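Chain and residue survey
So you can see what is in the structure, the chains are spelled out below.
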Amino acid sequence: MQPLTGFRDFLPAACAERNYIFAKWRAVARRYGFVEYDGPLLEELDLYKKKSGDEIVRQLYEFVDKGERAVALRPEMTPTLARIIVANHRNFRKPLKWFSIPQVFRYERPQRGRLREHFQLNCDIVGESSIEADAELIALAIDVVRAFGFRANDFVVRISDREFWTELLKVEGVSPERWEEVLQTIDKSEREPRPKTRERLGGLAGPVFEILEKGGESAKLNAIMGNLRARGLSDFATVDVGIVRGLAYYTGVVFEVFDRAGKFRAIAGGGRYDQLIAQLSNDSVSLPALGFATGDVVLGEMIHDNVVALRELESSVGSDRNIDIYAVIAKEERRTSAICLIQQLRDSGYRVDYPLAPAKVPRQFQAAEQLGARTAILFGDEWPSVAVKSLASGGQQLVPHEELITHLAANR
Ligand code: HAM
């Protein structure tokens, strides 16, 4: 009874880890003034066919619903965001800075770092064409990874500009219908044997390899690097024209985040997509936009591979799981009094657990320890007082039950 290939069950430990990742993502995005939104899991198939590009369209989970509509599970969030913006942009002051944590679905060959579902943090800025926005977004991408304890020697953002390549394609007279295919080939060139890329590029191979080897420079990229330097973040970034991005809608600055050791797949990726909103709205709305997404799968693998990051995760997840108080019911005739007090404790904000069925006292203490309780409260012969026991020091004190809440607050 396993989940489908490439899908995950989230047992409590995995769910706690996921919550840890989401909490950090939310905290960093909010620190940059981004606000959260969400959209539907299912969209019209056409939304992706229009502009995401062939690769992602091949990976769609698509079907015809009972109303004969061709629909697809979202493989990414950007088309949904663009659709929402077209319908609602008038109600918002620009630029919009929005984030979302969708689960997305791609029918890929499951392998390390790659599943058929994953969660992504998406951060996008809509309605701003200044280069400052590109730098702000890249700084956010850096801080999102830094939040997990990673440093400049752990990861790097490789920044490029699609215009390097589109300019070349113009100069070489390549017709725009072929651009996407050529850009995809350049995007894949790093992961593919040279002769294969050469064969695919044909006459373009010479100039493309020359640019890849020489590297590129532009006023735009210099400005972004200068901006990151002013923030003290330039050690986390480098200009690299080899970054093109696989998705079709990018138009300008693009970037991807990688671990320095090259052990993992891309941690994050994004860029400018100034035409997407106009294309989806048949030119009725035109707004520049840029954004990135980072996934939970690669990040999780990186955390488990890094001592510092893992220690931080474990201490946070551990303290999150622990309860505060375990109520030990030593005498069954005290059960009603116990649940009355337990209710009051929970109302006061304590995390409290107790045996749902009669159990021997040593077993109850065992349960208290396993649940990480700091305090045990014994309901037994001493009633109407209870014995309050610190599970760390072993110290014990008799407290009248009506003074329990005040006593606990004073000893917190
Ligand atoms: P993407 O590069 O396709 O971009 O995905 C972003 C990140 O999601 C990747 O860097 C990777 O960490 C993770 N990811 C992608 N596919 C998988 C998979 N099959 N399994 C696990 N993790 C995966 C986008 O999706 C763009 N929509 C990002 C964007 C937002 N651009 C502008 N705004």
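This one's a predicted model, so the numbers in the text were calculated from it and none came from an experiment.

It is worth spelling out the domain arrangement of the protein chain at this point. Interfaces are often sized by the accessible area lost when the parts come together. Each domain of the protein chain was delimited in the assignment, giving domain 1 (12–39 + 77–316) and domain 2 (323–410). Computed over C-alpha atoms, the centres of domain 1 and domain 2 are 51 Å apart.

So, on to the site of the ligand. Inspection of the region around the ligand gives 26 residues, with Glu-76, Thr-78, Glu-108, Asp-124 and Tyr-250 positioned closest. Within the side chain of Asp-124, one N or O atom sits 2.8 Å away from a nitrogen atom of the ligand. Ala-266 places a main-chain nitrogen or oxygen 2.9 Å from an oxygen atom of the ligand. If you map the ligand onto the pockets, it falls in the largest pocket. When contributions to the shell around the ligand are tallied by element, the ones reaching two or more residues are strand E7 (117–126), strand E11 (268–272), strand E12 (289–295) and helix H12 (296–304).

Strand order in this open sheet of three strands is E2-E4-E3, and the pairing throughout is antiparallel. Strands with a single pairing partner mark the edges of an open sheet, and in this sheet they are strand E2 (42–44) and strand E3 (62–64). Along the sheet, successive strands turn relative to each other by an average axial angle of 35°, direction set aside. Strand direction decides the pairing type here: E3 and strand E4 (residues 70–73), joined by three bridges, are antiparallel. By the bridge assignment, Phe-63 is partnered in E4 with Val-71.

Reading the values: rules and limits
- Residues numbered from 1 in each chain as written.
- Predicted model: local features only at pLDDT ≥ 70, side-chain atom pairs only at ≥ 80, totals over all residues.
- Heavy atoms only, no water.
- Domains from an automatic or database assignment.
- Near = heavy atom within 4 Å.
- Polar contact = N/O pair within 3.5 Å; in protein donor to acceptor, adjacent residues only side chain to side chain.
- 1 Å grid on protein atoms, 1.4 Å probe; cavity = no way out; pocket = protein on both sides within 12 Å on 5 of 7 lines; lining within 4 Å.
- Sits in = over half its atoms within 2 Å of the grid points.
- Helix = DSSP H or I, 4+ residues; strand = E, 2+ residues; numbered from the N terminus.
- Pairing = 2+ DSSP bridges.
- Axes fitted to C-alpha atoms, helices over the stretch in contact; angles between N-to-C directions.

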